[in-house]
Amino acid sequence: MLGFLSARQTGLEDPLRLRRAESTRRVLGLELNKDRDIERIHGSGVNTLDIEPVEARYMLSGGSDGVIVLYDLENSSRQPYYTCKAVCSVGRNHPDVHKYSVETVQWYPHDTGMFTSSSFDKTLKVWDTNTLQTADIFNFEETVYSHHMSPVATKHCLVAVGTRGPKVQLCDLKSGSCSHILQGHRQEILAVSWSPRCEYILATASADSRVKLWDVRRASGCLFTLDQHNGKKSQAVESANTAHNGKVNGLCFTSDGLHLLTVGTDNRMRLWNSSNGENTLVNYGKVCNDSRKALKFTVSDGCSSEFVFVPYGSTIAVYTIYSGEQITMLKGHYKSVDCCVFQSHFQRETEHERGRGRERRRHRIGNRLQAPSHQPRARRGARTPGPRDRDL
Amino acid sequence: MSRKRHRLVPDSFGLKRRREQGQAEADPLRGESGSARAAVAELVQLFPRGLFEDALPPIALRSQVYSLVPDRTAADRQLKELQEQGEIRIIQLGFDLDAHGIIFTEDYRTRVCVCVLKACDGRPYAGAVQKFLASVLPACGDLSFQQDQMTQTFGFRDPEITQLVNAGVLTVRDAGSWWLAVPGAGRFIKYFVKGRQAVLGMVRKAKYRELLLSELLGRRAPAAVRLGLTYHVHDLIGAQLVDCVSTTSGTLLRLPET
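Along each chain, the written sequence defines residue order, and numbers are assigned to residues from 1. As a convention, the first chain written is A and the first ligand written is 1, with the rest following in written order. The model is predicted, so local features are restricted to residues of pLDDT at least 70 and side-chain atom pairs to those at 80 or more, both for listing and for counting; the totals for chains, interfaces and linings are taken over all residues. Calculated side-chain values reflect all of the structure's heavy atoms, with hydrogen atoms and water omitted.

Rules: UniProt positions are given in the numbering used here, feature names are shortened, and annotations may be inferred rather than shown by experiment.
By the naming in an unreviewed UniProt entry, chain B is Serine/threonine kinase 19, taken from Felis catus. Of chain B, the UniProt comment under Sequence similarities (unreviewed entry) reads exactly: "Belongs to the STK19 family."

Under an unreviewed UniProt entry, chain A has the name ERCC excision repair 8, CSA ubiquitin ligase complex subunit and belongs to Felis catus.

Looking at the overall build of chain A
Rules: Helix and strand assignments come from DSSP, with helices taken as H or I runs of at least 4 residues and strands as E runs of at least 2, each series counted from the N terminus. To sort residues, take the accessible area from a 1.4 Å probe on protein chains only and compare it with the maximum for the residue type: under 20% means buried, over 50% means exposed, and anything in between is partly exposed. What makes two residues a contact is simply this: any of their non-hydrogen atoms within 4.5 Å. Using a 1.4 Å probe, accessible areas were evaluated by the Shrake-Rupley method; residue-level cover was limited to the displayed protein chains.
A tally of helices and strands in chain A yields 2 helices and 28 strands. When each of the 392 residues of chain A is scored for burial, the buried share is 59%. Restricting to contacts in chain A with at least 6 residues of sequence separation, those with at least 24 account for 48%. When the accessible surface of chain A is split by element, carbon and sulfur atoms take 48% of a total near 16,000 Å².

Some words on the state of the cysteines
All names here are of chain A. Worth spelling out the cut-off: The term disulfide is used for any two cysteine sulfur atoms that are within 2.5 Å.
As enumerated under the stated definition, the model contains 0 disulfides over all chains in all. Not engaged in a disulfide, the cysteine C178 finds its nearest cysteine sulfur in C171; these two sulfurs lie 3.4 Å apart. Accessibility expressed as a relative area gives 35% for C178, which makes it partly exposed. Free of any disulfide, C222 has its nearest neighbouring cysteine sulfur in C198, separated by 16 Å.

With respect to the sheet that holds strand β8 (residues 243–247) of chain B
Residue and element names in this part refer to chain B. How we decide: Here, any two strands with at least 2 DSSP bridges between them count as paired. Inter-axis angles, ranging from 0 to 180 degrees, are taken between N-to-C directions of lines fitted to C-alpha atoms, where helices are fitted over the stretch in contact.
The 3 strands are arranged β7-β9-β8 in an open sheet whose pairing can be described as antiparallel. Each of the sheet's edge strands pairs with one partner strand only, and the pair in question is β7 (210–212) and β8. Each neighbouring strand pair of the sheet contributes to a mean axis angle of 30°, computed without reference to strand direction. One ladder, built from 5 bridges, connects β8 with strand β9 (residues 250–254); its direction is antiparallel. Bridge pairing in β9 places D243 opposite R254.

A closer look at unusual backbone geometry
Of note, the phi angle at A56(A) is positive, near 55°, even though the residue is not glycine. Of note, A56(A) is situated in the loop between β2 (46–51) and β3 (58–63). Phi at Q240(B) is positive, roughly 60°, even though this residue is not glycine. Inspection of the secondary structure assignment puts Q240(B) in the loop between α12 (229–238) and β8. With a relative accessible area of 26%, Q240(B) lands in the partly exposed category.

Describing the packing of aromatic side chains
Ring pairs (aromatic) are described by centroid distance and by the angle formed between their planes. Residue and element names in this part refer to chain B. Cut-off, in case you're wondering: Only centres within 6.5 Å qualify two rings of Phe, Tyr or Trp (six-membered ring in Trp) as a pair; their planes then separate them into stacked at under 30 degrees, edge-to-face at over 60, and tilted for everything else. In our convention, an over-ring charge means Lys NZ or Arg CZ found within 6 Å of a ring centre and within 35 degrees of that ring's normal.
A full pass over the atoms with the stated rule returns 14 aromatic pairs over all chains. Summarising the aromatic geometry, the rings of F132 and F145 are spaced 5.8 Å apart at their centres and angled 80° between planes, so their arrangement reads as edge-to-face. Of the two residues, F132 is situated in helix α7 (residues 125–139) and F145 in strand β4 (residues 144–146); the sequence distance between them amounts to 13 residues. Note on accessibility: F132 and F145 belong to one class, buried. Considering the side-chain rings of F132 and F156, the 6.4 Å spacing of their centres and the 65° angle between planes classify their relative orientation as edge-to-face. Of this pair, F132 sits in helix α7 while F156 sits in the loop between α8 (147–153) and α9 (158–167), and the two are 24 residues apart along the sequence. Every member of this aromatic cluster is reached through a ring pair, and the members are F47, F52, F188, Y191, F192 and Y231. The cationic tip of R173 hangs over the ring face of W179; the distance from NZ or CZ to the ring centre is 4.3 Å. When the ring centre of Y191 is taken as origin, the NZ or CZ atom of R226, which lies over that ring, is 4.6 Å away.

Here is the structure:
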């Protein structure tokens, strides 16, 4: 590592190399953080987490009691032992709180002024962060399992919503109504995800074992259905293609958008080429999955060989994406883990668990290096390196 | 000097130096660490031909190949290559959608020819089966066949397809699609499922639910195990139904926690 630092300092190597090497090293050294904790607000299980993409400072969490909490992850005290405080929350006595469990929360991809949340009470609510009021509410006929808004979209403001019905709804935030319906699945849609590479490509996963990729500009149906056996492609074949041998629970694009990971109740995880739908046949072994809703897993970003973090019972299993090797299992929770998010700036992994009544949050931080102040970090907007940088 | 640093492999960044696993143990199961084809050839030797009076071709399972070739991704890719080259056929065994049987194409063709034609001499479906073996098998290496593929590309009519299903060469998958099947494989599947449960039961009944591999192989096989203990143990290890722990006395098979 000192070799990398001195090479970076003298200009022999690209700054990106040091960043990637250090990120990889930190991910490989991930362990439960004894110094940091998150304030406990939720009374029951936490279903979803999202860290805002702009500064990676604020985190939203949605719980089974309908409560949404906003945390500030930054440590501005000089102490190493620190509890991340909740900035505000939409509690049970808020007039617009969700009636049932919140399934997905997501920050607005371009700034932290707005976030969206969807819940089993058949609504998708759009919230204004500063006033904590709902700016808009979309009502559906069936319970909503998952929603996603494209992180790279500039030409559209569509939110894809997966419900218990077989149709994927696309809601337009600008006009306030559902603008599209995508038909093709036969059972409930458990997960939806936009591609981080192209703003019009959407992947949807359903309980009928199928994963379909759509281009929302196209009127005539999905682009293709993923086939785990990589059979011959022909029009009529599409109806028999299955991505998994059970329900498909979770979807995640890799950070460059070239590959797609899917997880199913047949205890398998598969990696697909997102441009032609081919199964890359990377075998991760048995990935235990008995969740009846969506399973939220995440991939790392900015490491030399990307890793995927999947909740596996009460642990988190870490695999290398392209080779399928299991690196480690991160232990620390007492009950089953529901969701995890990865923060690429500090290689921090936060996961929440579901429990009966009591739940724990574990905030894991990789071993941090005494980094010199000129370590490159991508940041939007000017920020003066404050005294905080020293207690890294 | 800086050239060493260019390989960003996890080993350089592993914070703990893991001790190299001792490779010197003479493990009866890990003898083959080479390619998938060698693994399949070895597994096919384990299949008890006499039990089925030579009516079935020797079938190996994909999970058994995983136990012999430790890198699963490489094993999958090699099997896919072999399938594309036409050397092996992969069959969907009915009991579990994930369990695939692997048969050498030559064996499949000879056995199916011999046994089906012997069984249906004079019956109407002999002709359909012959046509299937001659035209479809070499052309299409997939596990399953679709309606339009069969009718348009290969020129089968609906009654002929029904005859193929009756003969046992095709199994219904969905409306308009069929899996490739081995006629007479029902008996094999029955013995296999019973044997798998019996071997798992042997591990389950052991103290602390774990058993040394050498001890398991040395025990007398219960009556339900007709295909051989080694055959089943390979399958259990590869399907991750037991955890393989290496100890100083050899490999230990332990039932997983859940």
